[in-house]
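# Tertiary structure, described
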Amino acid sequence: MFKVTVSGARSRRATRTLRLLPLLVSLSVCVCVCRASSPREEEDSAMENIVTEKQAEESHRQDSADLLIFIMLLTLTILTIWLFKHRRFRFLHETGLAMIYGVLVGVVLRYGIHVPRDISNVTLSCPVNASPATLLVNVSGKFYEYTLKGEIGANEVNDVQDNEMLRKVTFDPEVFFNILLPPIIFHAGYSLKRRHFFRNMGSILAYAFMGTVISCFIIGSLMYGCVMLMKQVGQLGGDFFFTDCLFFGAIVSATDPVTVLAIFNELQVDVDLYALLFGESVLNDAVAVVLSSSIVAYQPEGDNSHTFEVMAMLKSFGVFLGVFSGSFALGVATGVFTALISFCFFTKLRDFQLLETALFFLMSWSTFLLAEACGFTGVVAVLFCGITQAHYTFNNLSPESQDRTKQLFELLNFLAENFIFSYMGLTLFTFQNHIFNPMFIVGAFLAVFLGRAANIYPLSFLLNLGRRNKIRSNFQHMMMFAGLRGAMTFALSIRDTATYARQMMFTTTLLVVFFTVWICGGGTTQMLSCQRIRYASPAPPRSRELVKQGKQRRSTKHESAWLFRIWYNFDHNYLKPILTHSGPPLTATLPPCCGPLARFLTSPQAYEVRHGLIPDTDASGAHTSGGPAFAGATSDDLDRELTYGDHELVMRGTRLVLPMDDSEPPFTDPHHRLRM
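Computed from a prediction, not measured in an experiment: that's the story for all the values here.

Another point: the packing of aromatic side chains. Counted by the stated rule, this structure contains 23 aromatic pairs. Ring geometry for tyrosine 190 and phenylalanine 394: centres 6.2 Å apart, planes at 65°, overall edge-to-face. Placement of the pair is tyrosine 190 in helix H4 (residues 173–190) and phenylalanine 394 in helix H13 (residues 393–396), with a sequence separation of 204 residues. Owing to a relative accessible area of 3%, tyrosine 190 belongs among the buried residues under this scheme. Phenylalanine 394 gets classed as buried once you look at its relative accessible area, which sits at 0%. Each residue in the set Phe186, Tyr190, Phe360, Phe361, Trp365, Phe394 and Phe409 is aromatic and connected to the rest through ring pairs, giving one cluster.

Put into structure tokens, the structure is as follows:
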């Protein structure tokens, strides 16, 4: 390894570790000339090539070993999950378990493994006034390119090999946003249970939008006061501005109660409480992403970019509205586009289910990348794309592809989520730039608690003024307790750790996630008992489900949001017949004067659905109504579609929860699935 000491007028002296790459690029780079002479240059060149090949081979083996570590972590997590399910152990969820295994492996890598120092390392000094991302070095007439990996302290110069090993198990943050997050967010939208979601749509939107903004500003304001106090007592070692505090408030306002929801699902806790928590967590992730990006976009005029300015604040607010609405529109548009493509071409691909599934998968993933490439937020786009595709595109797939897509995204969601939580535990010890500040950490925990309280209790009071089905006080306490932080919070915090403030925020965010997953997630069952929230025994027989079905059918049509009922009539009569092969034919819904156009737009499959030859479902398994009598959708149609859909979903798909009684067949929901 070759090290160059770089010093500048504005930056303190530090050692930069640079990786040797035998590539010459025509970029704007800083050229540092380090002359070396040898009497046997040709022999040295041959020996250098041999050493380089050996280093490349060794690096390949090391990379394979690093990936094997994560595979073994996931394998061990899955086996332990099975043991916990079999033994009815609910005090620790699989995500918390994955974090524990990650912490243990991180401790071993940090303190148990040491790489021998390379005696061929050479340290040379070269005065440079900046820290170039790429450095071109001339060694005896040969040019080599080095790339900047990051800053290391002067006391760590002799431990460069150990630092290199730890860096290899540290992934590029873009891996989380472009590879791991899309399947998690898409699965949330693709498997959304519409019946209870739309019954509580107004409350969910209030918690997700107003609640997240309130929580962000409460946490940001409290943390700014904490930072000012730290500055007064001399505990602040770098710049920390109010915008940094607001950014921290935005990223820790993203909730991910995966542990609580899994236990709710297994214990059959009240479906409205489940829907409120799940709906809030799905939407507020999207809001937190856009809110954090709008805070970063805050740029007042003048030299000081951290002063308060009304125009800059309004501009950031406009960025928030523009990015969110643009991402929403792009997600819905791509969902509708895939529905049209599937309407025209998937019928011809129904005999090739593998190609059909692969095309659907690629078109879904491309939505996230398209939004990011256009300057929008891929999280929002892929979420609403998943919801749109579940409602329209799913109907155009063959039955085999319908099952394949649901199981594929469920599997990807499970693996990606557990990988992220394992990596969280690992980075607690492998991340090189942790800043543990006890005062900031204590202030963050207090601010997160108060921000969650300011979100839940005032909004619940206001919502209860207009709700027929009130949000009871014990439900509010449970929602307050269940505000866990997870994958989205971690991904937002690790995306930028270049400054002192961001490094401190990342370290504190890790501790907040650990505490909420282990303590709050592990105490869910006890909290339910303390709040006297009733729940049924796990794995009920099917007969009990069918008995409950009648009551819920009667309540759905009276409690669904009126705006959704208007939308449903329009969608059922016009959009679904155009975009899918389901729903009533347009010849039965359009006026007689539009007969030729209706016959042209109506597919032959729609007439088969109308006469009951093909079942009409969507991604949640919902049966939609058709037939001669359905020239207009009624409230009974809405009731049937929303009620039967969630029930049929329980009967299909994969199972992650084992039966509690070995004599009873498996009848449990997958991860993140809503029970009737």
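On average, residues of the protein score 75 in pLDDT, and 70% of them reach the 70 mark or higher. Helix H15 (residues 438–464) holds the highest mean pLDDT among the elements of the protein, 95, whereas strand S2 (residues 14–21) holds the lowest, 38. Confidence over residues 1–37 falls short of pLDDT 50; this stretch has 103 contacts with residues more than four positions distant or in other chains.

Counting 119 residues, the largest nonpolar core has Met223, Phe264 and Phe490 as the members making the most contacts within it. Considering each element in turn, this core owes the most residues, 14 residues, to helix H9 (residues 271–296). Leave out the neighbours within four places in its chain, and methionine 223 touches Cys245, Phe248, Phe440, Gly443, Ala444 and Ala447.

Within the element layout of this structure, threonine 497 appears in the loop between helix H17 (487–494) and helix H18 (500–522). In sequence terms threonine 497 and asparagine 433 are 64 residues apart; their C-alpha atoms lie 8.2 Å from each other.

This paragraph deals with the packing of H17 against H18. Here H17 crosses H18 at 170°, and the two axes come no closer than 9 Å. Taken together, the axes of H17 and H18 are roughly antiparallel relative to one another. Side by side, H17 and H18 meet where Thr489, Phe490, Ser493 and Ile494 of the first sit next to Phe506, Thr509, Leu510 and Val513 of the second. Here the contact of H17 with H18 is built from residues that sort into five nonpolar, three polar and no charged.

The backbone of arginine 532 shows a phi angle near 55°, a positive value even though the residue is not glycine. Of note, arginine 532 is situated in the loop between helix H19 (524–530) and helix H20 (542–559).

Okay, the pattern of salt bridges next. Summed over all chains, the structure comprises four salt bridges. Measuring nitrogen to oxygen at the nearest pair gives 3.1 Å for the salt bridge that ties arginine 61 to glutamate 57. A residue pair is termed a helical-turn pair when its members lie 3 or 4 positions apart in one helix, as arginine 61 and glutamate 57 do in helix H1 (residues 41–86) at four residues. On the basis of relative accessible area, glutamate 57 is assigned to the partly exposed category, the value being 48%.

Below, the discussion takes up the side chain of asparagine 284. The residue asparagine 284 is located in helix H9 in this model. Asparagine 284 gets classed as buried once you look at its relative accessible area, which sits at 1%. A polar contact of 3.3 Å, which involves the side chain of asparagine 284, links it to the side chain of threonine 255. Beyond its immediate sequence surroundings of up to four residues, asparagine 284 is in contact with Ala208, Thr212, Ser253, Ala254 and Thr255.

Together, Met210, Ile214, Ile218, Leu222, Leu446, Phe449 and Leu450 give the surface a local cluster of nonpolar side chains, amounting to about 600 Å² of exposed area. Elements supplying a minimum of two residues to the nonpolar patch: helix H6 (201–232) and H15. If one sorts the elements of the nonpolar patch by residue count, H6 sits on top with four residues. Topologically, methionine 210 is positioned in helix H6. Judged by relative accessible area, methionine 210 falls into the partly exposed class, the value being 47%.

Moving on, we come to the packing of helix H14 (residues 399–430) against H18. Contact geometry for H14 and H18: axes closest at 11 Å, N-to-C directions at 125°. As the angle between them shows, H14 and H18 are arranged oblique. As H14 runs across H18, the sense of the crossing is left-handed. Between H14 and H18, the residues in contact are Phe421, Met424, Gly425, Thr427 and Leu428 and Phe506, Leu510, Leu511, Val513, Phe514 and Val517, respectively. The class makeup of the residues in the contact of H14 with H18 is nine nonpolar, two polar and no charged.

So, how was this worked out
Residues numbered from 1 in each chain as written. Predicted model: local features only at pLDDT ≥ 70, side-chain atom pairs only at ≥ 80, totals over all residues. Heavy atoms only, no water. Phe/Tyr/Trp six-rings, centres within 6.5 Å; stacked < 30°, edge-to-face > 60°. Helix = DSSP H or I, 4+ residues; strand = E, 2+ residues; numbered from the N terminus. Buried < 20%, exposed > 50% of the residue type's maximum accessible area, 1.4 Å probe, protein only. pLDDT = per-residue confidence, 0-100. Contact = heavy atoms within 4.5 Å. Core = buried A, V, L, I, M, F, W, Y, C linked by side-chain atoms within 4.5 Å. Axes fitted to C-alpha atoms, helices over the stretch in contact; angles between N-to-C directions. Parallel < 35°, antiparallel > 145°, perpendicular 65-115°, else oblique. Nonpolar A, V, L, I, M, F, W, Y, C, P; charged D, E, K, R; others polar. Salt bridge = Lys/Arg side-chain N within 4 Å of Asp/Glu carboxyl O. Polar contact = N/O pair within 3.5 Å; in protein donor to acceptor, adjacent residues only side chain to side chain. Patch = residues over 30% accessible without salt bridge, like charges linked within 9 Å, V, L, I, M, F, W, Y side chains within 5 Å. Areas by Shrake-Rupley, 256 points an atom, 1.4 Å probe, with all protein chains shown as cover. Left-handed = near helix turned anticlockwise from the far one by under 90°.

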